[in-house]
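A closer look at the structure
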Amino acid sequence: MTSIRYYLLRTLALVLIVAGGVAVLAAYLITDHELEEVLDTQLSLHSRIVAGQLPDDVQDADLTRLSQALSIPDYPAETYRDGRAPAVGEDGASPRLYHEEERKLAMGIWNADKTPRLLQGKWTQGTPFPAPEEEGFRWVDYAGQRWRVFSMYDDRHDLWLSMGQRSDFQHEIVARITWNNMIPMLVLLPVMLWLMNRIIRRGLQPIRRLSNQVQGRHARDLRHIELDVPRELAGLHRSLNDFIDRLGDTLERERRFTADAAHELRTPLAALRIHLDNAKAGETASLQKAYTGIERLQRVVEQLLVLARLDRTPDTQATSIDLYPIVIDLMADLWPLAHDRGQRLTLEGLHQLRIQADETEVGILFRNLLDNALRYTPEGGHVEVELGETTQGKAQIRVRDSGPGIPEDLLEEVTERFRRAADQRTTGSGLGLSIVLELAQRQHATLHLRNRPEHGLEATITWQAP
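Throughout what follows, the structure given in this document is the object of discussion. As the structure is a computational prediction, the values presented were derived from the model and not from experiment.

Moving on, we get to the packing of helix α7 (residues 323-340) against helix α8 (residues 359-376). Think of two packed helices as two axes; the pair is described by the angle between the axes and how far apart they sit. Interhelical geometry of α7 versus α8 gives an angle of 35° and a closest axis separation of 10 Å. Note on packing geometry: the crossing formed by α7 with α8 is right-handed. When α7 is examined against α8, the residues L323, I326, V327, L330, M331, D333, L334, L337 and A338 are found in contact with a partner set consisting of E359, V362, G363, F366, R367, L370, D371 and L374. Among the residues making up the contact of α7 with α8, the classes are represented as 12 nonpolar, 1 polar and 4 charged.

Dropping the structure here:
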């Protein structure tokens, strides 16, 4: 569809023309039927009038006078004597007043034995017009023309009398009536099309204004579209503003992510270069520091990739999964890290705990939570994992460490990206808890952090009840 306006204009114009054509056709058919009724009534009425004017004993002279009264130029009425050839009347004078359309009308009189007595105009061409067989209305084809005929038998005079009119007489009247009705419609059609065009243009103005506001905006202009729109465009207007909000959130998240990532990567890269320069100068201890910096850089890149994937991936479909085998497998993967540092890693609580979540995302969530606890737990420390349920039947997983914990005033901020509030001597990126929080929200779960009374941090993930 190239244009709504032109589509509506073409469609409505076509509907108007078709509707007008149907109306004209219906008017033609209705007028034709009604006019036939009117003309049939006149034929029957005139037939009775003529029969009533004839004397009781009809003579040839009476029919001659009648033929003279009915004759008009080039359309005579002729009498038949004893069924023989027509006899010419004594007085062929034409009436002073007549109508040209009378040539499309005709009358005939026959004896009881169907021999003609008087025929008018076209009914005398060649073979005389056929005599009536019965009373009433009928259609008769005669001399290449079609006639509507009314016939009656006059008992008083023992005569058959017929009145007829040519079919084109009725059709011409119907055509003139129909054409006269069409003229105003044809005159008004351009005006109606012009009005329709104006109405359509006016009706589409809200769409045009909305389009101009969107089209004329700068790429960084993310303000809401403030425009009064009709009810039909309210949903589109609301959806555009919602889309602008989502786009603004996405761009702000990308901007913040890019800025934070650039800042976070700049520091380990600069430190790594310094350590390598020192190693080239002969300081062997700098090689271990460079290796540690590479580990941190690798971890930052990995977690940045995880965050980028989460930002671009829509919410996944939750399924029923058992949390216990996922936790066992991940603890087995991280046990070598704990063993190298002399840390104890234990699992307590339920041996089966079903939740509604995505298995892959739950694995990433728990791995980051456990990895974060192991990194901030000193050598010889203890990390406990507990699976359980709340009194409301909600599934929970708790990870407790024996690390330094988090200052109370930073507990609400530590889940922000690149925010590190614990021991700064421990390598990290400040992204672990941010990933945990975002994955928990995607799983419709909650993350709660609290410092343990003795020392260390307890992180609790609670899923909604199934």
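More follows now that the structure is in view.
With that out of the way, let us pick up helix α3 (residues 167-203). The end-to-end C-alpha distance of α3 is 51 Å, a good match for the 54 Å that 37 residues give at a rise of 1.5 Å each. The principal kink in α3, of about 35°, is found at L189, preceding the proline P190 by one to four residues. The set of residues buried in α3 consists of S167, F169, Q170, I173, V174, T178, M196, N197 and I200. The inward-facing, buried residues of α3 contact α1 (4-53), β5 (136-142), β6 (145-154) and β7 (159-166).

Let us now look at α7. For α7, spanning 18 residues, the distance from its first C-alpha to its last is 26 Å, which sits close to the expected 26 Å at 1.5 Å a residue. When the local axis directions of α7 are compared, the greatest deviation, roughly 40°, occurs at L334, which is followed within four positions by the proline P336. Along α7, the residues that are buried comprise L323, I326, V327, L330, M331, L334 and A338. Of the residues flanking the start of α7, the one acting as N-cap is D322, its side-chain oxygen 3.3 Å from the backbone nitrogen of Y324.

Scanning all chains against the criterion turns up 6 aromatic pairs. Judged by centre distance (5.1 Å) and plane angle (70°), the rings of F129 and Y142 are edge-to-face. Of this pair, F129 sits in the loop between β4 (116-120) and β5 while Y142 sits in strand β5, and the two are 13 residues apart along the sequence. Note on accessibility: F129 and Y142 belong to one class, buried. Their ring planes at 55° and their centres at 5.1 Å tell us that Y153 and W160 sit as a pair that is tilted. By relative accessible area, which is 25% here, Y153 ends up partly exposed. Residue W160 is classed as buried on the basis of its relative accessible area, which comes to 10%. An aromatic cluster is present here, built from W110, W123, F129, Y142 and W147 joined pairwise through their rings.

Turning our attention to the environment of I30. Position of I30 relative to the elements: it lies in helix α1. On the basis of relative accessible area, I30 is assigned to the exposed category, the value being 52%. A sequence separation of 144 residues divides I30 from V174, and the C-alpha atoms of the two residues are 9.4 Å apart.

Packing of α3 against helix α4 (residues 205-215) leaves a shortest axis separation of 4 Å and a crossing angle of 40°. The angle between the axes of α3 and α4 places the two elements in the oblique class. Along its contact with α3, which presents R201, R202 and G203, the element α4 presents Q205, P206 and R208. Classifying every residue of the contact of α3 with α4 gives 1 nonpolar, 2 polar and 3 charged.

Counting buried positions along strand β12 (residues 395-400) yields 5 of 6 residues, so the element is predominantly enclosed. As defined by bridge partners, strand β11 (residues 382-389) adjoins β12 across 6 bridges and the pair is classed as antiparallel. Paired with G388 across the two strands is Q396, which belongs to β12. The pairing of β12 with strand β14 (residues 457-463) spans 5 bridges and is antiparallel. For V399, the partnering residue across the bridge sits in β14 and is A459.

Only one face of strand β10 (residues 354-357) is covered, namely the one carrying I355 and A357; the face carrying R354 and Q356 has none of its residues buried. Taken together, the 4 bridges between strand β8 (residues 319-322) and β10 define a ladder with antiparallel strand orientation. By the bridge assignment, D322 is partnered in β10 with R354.

Moving on, we come to the sheet that holds strand β9 (residues 344-349). Pairing within the open sheet is mixed, and its 5 strands lie in the order β9-β11-β12-β14-β13. Each edge of the open sheet carries a strand with a single partner, namely β9 and β13 (445-451). For this sheet, the mean inter-axis angle between neighbouring strands, taken without regard to orientation, is 15°. Bridge count for β9 against β11 is 6 bridges, and the pairing is parallel. Following the sheet pairing, E348 is matched in β11 by E386.

Let us look at the side chain of N111. Positionally, N111 belongs in strand β3 (residues 105-111). When neighbours within four sequence positions are excluded, N111 is seen to be in contact with R117, D158, L159 and W160.

Rules and cut-offs
- Residues numbered from 1 in each chain as written.
- Predicted model: local features only at pLDDT ≥ 70, side-chain atom pairs only at ≥ 80, totals over all residues.
- Heavy atoms only, no water.
- Axes fitted to C-alpha atoms, helices over the stretch in contact; angles between N-to-C directions.
- Helix = DSSP H or I, 4+ residues; strand = E, 2+ residues; numbered from the N terminus.
- Left-handed = near helix turned anticlockwise from the far one by under 90°.
- Contact = heavy atoms within 4.5 Å.
- Nonpolar A, V, L, I, M, F, W, Y, C, P; charged D, E, K, R; others polar.
- Expected span 1.5 Å × (residues − 1).
- Bend = angle between axes of the 7 residues up to and from the residue.
- Buried < 20%, exposed > 50% of the residue type's maximum accessible area, 1.4 Å probe, protein only.
- Polar contact = N/O pair within 3.5 Å; in protein donor to acceptor, adjacent residues only side chain to side chain.
- Phe/Tyr/Trp six-rings, centres within 6.5 Å; stacked < 30°, edge-to-face > 60°.
- Parallel < 35°, antiparallel > 145°, perpendicular 65-115°, else oblique.
- Pairing = 2+ DSSP bridges.

Shape descriptors only; they carry no functional weight alone.
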